[in-house]
Amino acid sequence: MEKHTLVLEDLEKQYPLCFKHKGCCMYGVEIQPGWNKIIHVLLGRLEDHLAANPEKFIDCEFPFRIDQIKEKFGTLRFYVSGEVDETMWDWINYAEDQSANVCEVCAKRGVVHVSKGGFWLKTLCSECAKDEYIPYNRNMMP
Ligand SMILES: [Zn+2]
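Residues numbered from 1 in each chain as written. Predicted model: local features only at pLDDT ≥ 70, side-chain atom pairs only at ≥ 80, totals over all residues.

Engineer: Would you mind showing me how to read the nonpolar core here?
Structural biologist: It is characteristic of soluble globular proteins that their nonpolar side chains tend to be buried jointly. Within the largest apolar cluster, 28 residues are counted, with the highest numbers of intra-cluster contacts made by Cys18, Ile38, Leu42, Leu43, Leu76, Phe78 and Ala95. Mapped onto this core, the elements with two or more residues apiece are α2 (36–52), β2 (65–72), β3 (75–81), α4 (86–99) and α5 (126–129). Top contributing element to this core by residue count: α2, with five residues. Setting aside residues no more than four positions away along its own chain, Ala95 makes contact with Ile38, Leu42, Leu76 and Phe78. (Core = buried A, V, L, I, M, F, W, Y, C linked by C-beta atoms within 7 Å. Buried ≥ 20, exposed ≤ 12 C-beta atoms within 10 Å, placed from the backbone. Helix = DSSP H or I, 4+ residues; strand = E, 2+ residues; numbered from the N terminus. Contact = placed C-beta atoms within 7 Å.)

Engineer: What is the right way to read the packing of α2 against α4 from this model?
Structural biologist: Between two packed helices, both the angle of their axes relative to each other and the distance between the axes serve to describe the pair. Where α2 meets α4, the closest approach of the two axes is 10 Å, and the angle between their N-to-C directions is 175°. It follows from the interaxial angle that α2 and α4 lie roughly antiparallel. Packed against α2, whose contacting residues are Ile38, Leu42, Arg45, Leu46 and His49, the element α4 presents Thr87, Met88, Trp91, Ile92, Ala95, Gln98 and Ser99 at the interface. Across the contact of α2 with α4, the residue classes break down as seven nonpolar, four polar and one charged. (Axes fitted to C-alpha atoms, helices over the stretch in contact; angles between N-to-C directions. Parallel < 35°, antiparallel > 145°, perpendicular 65-115°, else oblique. Nonpolar A, V, L, I, M, F, W, Y, C, P; charged D, E, K, R; others polar.)

Engineer: Sorry, what's going on with the sheet that holds strand β5 (residues 121–124) here?
Structural biologist: Overall, antiparallel pairing links the three strands, which are arranged β5-β4-β6 in an open sheet. Each edge of the open sheet is held by one strand with a lone partner, namely β5 and β6 (133–135). On average, each strand axis in the sheet is tilted by 45° relative to the strand beside it, whichever way the strands run. Where strand β4 (residues 111–115) meets β6, three bridges bridge the pair, whose relative direction is antiparallel. Residue pairing in the sheet places His113 in a bridge with Pro135 of β6. (Pairing = 2+ DSSP bridges.)

Engineer: Help me understand the sheet that holds β2, please; the structure alone is not making it clear to me.
Structural biologist: Strands belonging to one sheet form pairs held by backbone hydrogen bonds; the direction of such a pair is parallel or antiparallel. Taken in spatial order, the three strands of this open sheet run β1-β2-β3, and their pairing is mixed. Strands at the two margins of the open sheet, each flanked by one partner only, are β1 (29–30) and β3. As defined by bridge partners, β1 adjoins β2 across two bridges and the pair is classed as parallel. When the bridges of β2 are listed, Glu30 appears paired with Lys70.

What follows is the structure, encoded as structure tokens:
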């Protein structure tokens with residue numbers, strides 16, 4: 001398993017069309033390595049799709065761009081704008097859904113946890129949750 005946090009400059013080299021638009025992911029990629037594979041699979045699919053249809057997604061008035069890749073409320077958020085078709089939305093939704101079952105730290109099977117001290121949500125395996133996080137369920141919210 002990859003132990004490194006994804007670095008934007010590397011992703012730009014690996015998936016040049018995905019990150020062609022200037023200003024993509026201005027804040028970098030703020031996720032832990034457990035989700036690297038989910039993101040690589042998604043970016044690989046998007047890159048092939050863009051390469052097959054450059055006039056539709058790249059050389060157009062509102063080119064495809066990735067605005068942000070982050071974690072929010074415990075799961076992956078992959079924000080895009082510009083030209084995006086239904087197939088791409090399906091892949092993006094699939095990756096976001098998948099992240100709710102994969103530990104963000106180590107990539108083992110996980111569930112959404114909540115921090116004991118507050119309301120930080122994070123998808124974790126029981127090992128990475130240690131005694132700092134407990135499995136989350138909806139009844140916990142006031
Ligand atoms: Zn873990």
